[in-house]
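Chains, contacts and geometry: an overview
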Amino acid sequence: MSRLADTFARLKAEDRAALVAFVTAGDPSPAHTPAILDAIVAGGADVIELGMPFTDPMADGPAIQEANIRALAAGTKTADVLAIAKGFRERHPNVPLVLMGYANPMLSRGADWFAQALEEAGIDGVICVDIPAEEDAALGPPLRAKGIDLVRLATPTTDTARLPAVLEGASGFLYYVSVAGITGLQQAATDTIEAAVARLKAGTDLPVAVGFGVRTPEQAAAIARVADGVVVGSAIVDALAKAGGNPEAGRALVAILAGAVREARVGVTA
Amino acid sequence: MTLANSLRAQPDADGHFGEFGGRYVAETLMPLILDLEREYRRAQSDPAFKAEFEGLLKHYVGRPSPLYYAEGLTEALRKDAPAGKGPKIYFKREDLNHTGAHKINNCIGQILLAIRMGKKRIIAETGAGQHGVATATVAARFGLPCTIFMGAVDVARQQPNVFRMKLLGAEVRPVTSGAQTLKDAMNEALRDWVANVDDTFYIIGTAAGPHPYPELVRDFQSVIGTEAREQILEAEGRLPDLLVAAVGGGSNAIGLFHPFLDDADVAMLGIEAAGHGLDTDKHAASLTGGRPGVLHGNRTYLLQDEDGQITEAHSISAGLDYPGIGPEHSWLHEIKRVTYEGVTDQEAMDAFQLCCRVEGIIPALESAHAIAGIVRKARDMNEDQVVILNLSGRGDKDIFTVADSMGVKL
């Protein structure tokens, strides 16, 4: 089993959702990121989503756009992102690490090179915003050959007819983007999310994690009651930015979110 | 009949031109572009759509645009060429279209698709403002609200076009992310689209973006080459030896080239903006100075570093100032059907002034790049050879840039 499958299975057995925490690699500088990752693990993150900076993050809202700009301005290279991941893997042998980003930096040296580099860095999965199922051939086959999970995104516009195409070749978990929009701005109503998760779960045995616009512990708890995972990105990136990259700011917010996620189903009958 | 080995049969069913093109978009947009493709296929086989498109091109845009024998330029170049050299040059006069450039052809086609799809709102990106003006124009004509995304830097340096768009009823939204130019405007338009998928149609301004945009923009712009082919046969009784067009995203060039792709004896030259020179980092020549990658929905040649980070383009011509190019050009470059060369800001400026003086035509700076291309080629071509150059737009919008470059204060 992969680290991702393992983690989601363990948390399912504990009857709680996973907290998936996102930070942009290299924000505010590559030297800051290892301590930030350690802090959010200490705060209670179950899965780490490490953003690979890109000059043109067209699916991201202002918070993550700015984090990308800061990371690139600090000279963050692909080699730095891989080194950050490799160091993380040595310090945290069991915490799943997923790389999230855009096609061009991932494909720049070729998909085979990328898959090999991810394997060497101990990265468990990839979320690529702009490689939909239709373009799977560009990246999917080399990742699968290395046993690296390809996490697919489903959205409010992914209807039941289209869902099987999205699920084909997906592994690790399914990432449900709860709003048609960009990261960090608004959140869908909980009952809408619950219905969407139920629809997705009818089509797959993969764990379903929900993200986009989740900022508060209340929102995280509401999602944790109906989904297998809660993804929080912009709120953590914002908190770190306000603190100038001080890891403690990340740990503090993640601890609050993790507490909410852990308590969400206590006393609630499934 | 389309032959299996025709060069005009691209893209394939998944929108690929060889290894280029495709649909590299966020999942949220995927169902939309599949819808768009289905609607485009229906429109293609609907005589009423064709009739409405052609009717508007004729009566609203003013087509067909003339194919004009540019005798002044032809003679000027012969004077500088060895005896017997210097081809006969024709201009395809897209500058005479309503709104002053070829951009309107595509906008007419796309707004008709938007209406067929029941969309209630139009968005578009623009660099210099030409596509923004053309989009605002058709949105006004068809009564749809329209938002134009334009880099804040471009808003500042293209005030006349910003005002034109506003006169036409469009909202111009300055984009402050990134370098605040065309690439960032396109990012922001995509962000808006993904958040307004139900009611919004994105009119992309060039033959790029996710499938089916490169195909449908090419098809709408192919009226240029289709007319030119008939017009040159009438004028010369034969096909031309060479076609020349400027290439930014590449819609005017693909519009001219595509109807001739299977005519093996017709050579084609695409001119990229070489800015301060291809040996500097200030140019916009994706094919001659970049390498393949994925941006804005398609796989194509891009200006980028070794990590795949997109680098800023530069050209004196805002319309060519983009770090990518339409995917069909990438394919035509790789199969060597079309030759692509770079022309510097200075060469384009010289050609701009030459055209003003010897033809009495102020060309767009984009088109001036194409003219510079033929200035360079003319001395190697024989007098009995025939060239069609796409004069893609008029240069009124550029006089401030040109004055500035000449050190003239207006």
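Residues numbered from 1 in each chain as written. Chains lettered and ligands numbered in written order. Predicted model: local features only at pLDDT ≥ 70, side-chain atom pairs only at ≥ 80, totals over all residues.

1. Here we look at the overall build of chain A
- Along the backbone of chain A there are 12 helices and 9 strands.
- Computed over C-alpha atoms, the radius of gyration of chain A comes to 17 Å, within 12% of the 18 Å expected from 2.2 N^0.38 for 270 residues, which places it in the range of a compact globule.
- Dimensions of chain A along its principal axes, counting C-alpha atoms only, are 50 × 40 × 35 Å.
- Taking all 270 residues of chain A together, 61% fall into the buried category. (Helix = DSSP H or I, 4+ residues; strand = E, 2+ residues; numbered from the N terminus. Rg over C-alpha atoms; globule rule 2.2 N^0.38 Å. Buried ≥ 20, exposed ≤ 12 C-beta atoms within 10 Å, placed from the backbone.)

2. Looking at the overall build of chain B
- Of the regular secondary structure elements, chain B holds 16 helices and 14 strands.
- Over its C-alpha trace chain B gives a radius of gyration of 20 Å, about what one expects of a compact globule, namely 22 Å for 410 residues.
- Projected onto the principal axes, the alpha-carbon positions of chain B cover approximately 65 × 55 × 45 Å.
- Across the 410 residues that make up chain B, the buried fraction comes to 60%.
- Nonlocal contacts in chain B, meaning residues at least 24 apart in sequence, comprise 75% of its contacts between residues at least 6 apart. (Contact = placed C-beta atoms within 7 Å.)

3. Brief notes about the nonpolar core
- Counting residues in each nonpolar core, the largest one holds 226 residues, and the members touching the most others are A21, Y176, A209, V230, I236 and V261 of chain A together with L389 of chain B.
- Residue-level mapping places this core at the junction of two domains, with at least three residues from each of domain 1 (18–59 + 103–217) and domain 2 (62–100 + 222–405) of chain B.
- If we skip the residues at most four places from it in the chain, L389 of chain B touches I89, Y90, F91, V244, A370, I371 and I374 of chain B. (Core = buried A, V, L, I, M, F, W, Y, C linked by C-beta atoms within 7 Å. Domains from an automatic or database assignment.)

4. What about the interface of chain A and chain B?
- Opposite the 32 residues of chain A that make contact, chain B presents 28 residues.
- Secondary-structure elements contributing two or more residues to the side of chain A that touches chain B are α3 (62–73), α5 (103–107) and β6 (152–154) of chain A.
- Here the side of chain A that touches chain B takes 4 residues from α5 of chain A, the largest share from any one element.

5. Regarding the domain arrangement of chain B
Residue and element names in this part refer to chain B.
- When its domains are assigned, chain B resolves into domain 1 (18–59 + 103–217) and domain 2 (62–100 + 222–405).
- The C-alpha centroid of domain 2 is placed 23 Å from the C-alpha centroid of domain 1.
- Each partner contributes residues to the interface: domain 1 has 36 residues there, and domain 2 has 33 residues.
- When contributions to the side of domain 1 that touches domain 2 are tallied by element, the ones reaching two or more residues are β2 (20–24), α2 (47–61), α4 (103–116), α5 (130–142), α7 (159–167), α8 (182–195) and α9 (213–221).
- Looking at which element gives the most residues to the side of domain 1 that touches domain 2, the answer is β2, with 5 residues.

6. Re the sheet that holds strand β5 (residues 121–126) of chain B
All names here are of chain B.
- Taken in spatial order, the 4 strands make up an open sheet running β7-β6-β5-β8, and their pairing is parallel. Pairing within the sheet leaves two strands with one partner each, and these edge strands are β7 (171–175) and β8 (200–202). On average, each strand axis in the sheet is tilted by 25° relative to the strand beside it, whichever way the strands run.
- Pairing geometry for β5 and β8, over 3 bridges, is parallel. Of the residues in β8, the one forming a bridge with R121 is T200. (Pairing = 2+ DSSP bridges. Axes fitted to C-alpha atoms, helices over the stretch in contact; angles between N-to-C directions.)

7. Some remarks on the packing of helix α2 (residues 33–43) of chain A against helix α12 (residues 247–263) of chain A
Residues and elements named next belong to chain A.
- Contact geometry for α2 and α12: axes closest at 7 Å, N-to-C directions at 25°. When the axis of α2 is compared with that of α12, the two are roughly parallel. The two elements α2 and α12 cross, and the hand of that crossing is right-handed. Here α2 contributes A35, I36, D38, A39, I40, A42 and G43 to the contact with α12, which in turn contributes P247, E248, G250, R251, V254, A255 and A258.
- Here the contact of α2 with α12 is built from residues that sort into 9 nonpolar, 2 polar and 3 charged. (Parallel < 35°, antiparallel > 145°, perpendicular 65-115°, else oblique. Left-handed = near helix turned anticlockwise from the far one by under 90°. Nonpolar A, V, L, I, M, F, W, Y, C, P; charged D, E, K, R; others polar.)

8. Thoughts on helix α14 (residues 345–359) of chain B
Residue and element names in this part refer to chain B.
- Between its terminal C-alpha atoms α14 stretches 21 Å, which fits the 21 Å expected from 15 residues at 1.5 Å a residue.
- D345, A348, A351, F352, C355 and E359 are the residues of α14 that are buried. Projected down its long axis, α14 carries its buried residues within an arc of 125°, all on one side.
- Taken together, the buried residues of α14 touch α3 (71–80), β10 (267–275), β13 (339–344), α15 (365–377) and α16 (399–405). (Expected span 1.5 Å × (residues − 1). Arc of directions from axis to C-beta.)

9. Remarks on the sheet that holds β2 of chain B
Residue and element names in this part refer to chain B.
- Across the sheet, 4 strands lie side by side as β1-β2-β12-β11; this open sheet has antiparallel pairing. Two strands bound the open sheet, and with one partner strand each, they are β1 (16–17) and β11 (291–295).
- Direction of pairing for β2 relative to strand β12 (residues 297–302): antiparallel, over a ladder of 2 bridges. When the bridges of β12 are listed, G21 appears paired with R299.

10. Focus on unusual backbone geometry
- Residues R63 of chain B and P64 of chain B are joined by a peptide bond in cis, for which omega reads 0°.
- Inspection of the secondary structure assignment puts P64 of chain B in the loop between α2 and β3 (67–69).
- Between H211 of chain B and P212 of chain B the backbone carries a cis peptide bond, its omega angle lying at 10°.
- Here P212 of chain B lies in the loop between β8 and α9.
- Despite not being glycine, D15 of chain A shows a phi value in the positive range, around 55°.
- By secondary structure assignment, the location of D15 of chain A is in the loop between α1 (3–13) and β1 (18–24).
- Its identity as a non-glycine residue notwithstanding, H296 of chain B has a phi of 55°, on the positive side.
- The exposure class of H296 of chain B is buried, given the 27 C-beta atoms found within 10 Å.

11. A word on the confidence of the model for chain B
- Per-residue confidence for chain B gives a mean pLDDT of 96; residues scoring 70 or more make up 99%.
- Model confidence for the complex is summarised by a pTM of 0.96, with the ipTM given as 0.96. (pLDDT = per-residue confidence, 0-100.)

12. Looking at the environment of D228 of chain A
Residue and element names in this part refer to chain A.
- Residue position: D228 is located in the loop between α10 (217–226) and β9 (229–232).
- According to the C-beta neighbour criterion, D228 is buried, with 23 such atoms within 10 Å.
- Separated by 211 residues in the primary sequence, D228 and A17 place their C-alpha atoms 4.7 Å from one another.
- In this structure, D228 is in contact with F8, K12, A17, A18, F173, P207, V208 and A209, ignoring residues within four places of it in sequence.

13. What to know about the packing of α2 of chain B against α4 of chain B
Residues and elements named next belong to chain B.
- The contact between α2 and α4 brings their axes to 10 Å, and the two run at 140°. In terms of their interaxial angle, α2 and α4 are classed as oblique. Two packed elements cross with a definite hand, and for α2 against α4 that hand is right-handed. Where α2 abuts α4, its residues F49, E52, F53, L56, L57 and V61 lie against I104, N105, I108, G109 and L112.
- Residues belonging to the contact of α2 with α4 are distributed by class as follows: 8 nonpolar, 2 polar and 1 charged.

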